[in-house]
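A structural walkthrough
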Amino acid sequence: MAEKCVEPIVVLSKKAELTEYEKMHKPIIKIPDKVKSCEPFEVKIKVGEIPHPNTFEHYIVWIDLILDDHFLSRVMFVPIIMEPEVTLKIRVGKNAKLKVIARCNIHGQWEMEKEIRVE
């Protein structure tokens, strides 16, 4: 049997109904409804509509932030000491797609997307 060499990403943005298991892993992205061109704004990210476990055995390892197809940042988390939440400031000059990928140490990678609208 071939070894698993690439871990699939569960894309939650395309699902209408989520299970409790999916809600626990869902990256939540909060941004303003509209932003001003080239002015910084806050991107707040947390993992889980339902709180995700945060133990040494089961935790969120990191969160990646991607703008369109450009990698912006990876935030690493230490279980128990840190919660899987982060606020970052970014700026854009045009409408764009923000993608967040969260990595659970047991259940793999989970993705959400949100559109950024520039006024």
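Residues numbered from 1 in each chain as written. Predicted model: local features only at pLDDT ≥ 70, side-chain atom pairs only at ≥ 80, totals over all residues. Heavy atoms only, no water.

**Quick notes on the overall build of the protein chain**
Stated formally: By definition, any uninterrupted DSSP run of H or I lasting at least four residues is a helix, any uninterrupted run of E lasting at least two residues is a strand, and each is numbered from the N terminus. Exposed residues in this analysis have more than 50% of their type's maximum accessible area, buried residues have under 20%, and partly exposed residues fall in between, with area computed by a 1.4 Å probe over protein chains only.
When you go through the protein chain residue by residue, the secondary structure sums to one helix and eight strands. Order of helices (α) and strands (β) in the protein chain, N terminus to C terminus: β-α-β-β-β-β-β-β-β. For the protein chain, with 119 residues in total, the buried portion stands at 41%.

**Details of the confidence of the model for the protein chain**
Operational definition: What pLDDT expresses is the predictor's confidence in each residue, scored from 0 to 100.
Counting all residues, the mean pLDDT for the protein chain is 92, and 94% of those residues have values of 70 or more. Within the protein chain, strand 3 (residues 41-47) carries the highest mean pLDDT (98), whereas strand 1 (residues 9-11) carries the lowest (82).

**Observations concerning the packing of aromatic side chains**
For clarity, the cut-off: Side-chain rings of Phe, Tyr and Trp (the six-membered ring for Trp) are treated as a pair once their centres are within 6.5 Å; stacked means planes under 30 degrees apart, edge-to-face means over 60, and tilted covers the remaining angles. A ring is considered to have a charge above it if a Lys NZ or an Arg CZ atom is located within 6 Å of its centre and within 35 degrees of its normal.
Counted by the stated rule, this structure contains one aromatic pair. When the ring of Tyr21 is compared with that of Trp110, the centres are 5.4 Å apart and the planes differ by 75°; the resulting orientation is edge-to-face. One end of the pair, Tyr21, is in helix 1 (residues 20-25); the other, Trp110, is in strand 8 (residues 108-116), with 89 residues separating them in the sequence. You can call Tyr21 partly exposed: its relative accessible area is 38%. Lying across the ring of Trp62, Arg74 places its NZ or CZ 3.8 Å from the centre.

**Considering the nonpolar core**
Using the following cut-off: The term nonpolar core refers to a set of buried residues drawn from Ala, Val, Leu, Ile, Met, Phe, Trp, Tyr and Cys, joined through side-chain atoms within 4.5 Å.
In terms of nonpolar packing, the biggest core is built from 26 residues, with Phe41, Val43, Ile63, Leu98 and Ile116 touching the most fellow members. Contributions of two or more residues to this core are made by strand 3, strand 4 (60-67), strand 6 (85-90), strand 7 (96-104) and strand 8. Per element, the largest residue contribution to this core is five residues, and it comes from strand 7.

**Side note on unusual backbone geometry**
Positive phi is not limited to glycine here, since Asp68 has a value of about 50°. In this fold, Asp68 is placed in the loop between strand 4 and strand 5 (70-76).

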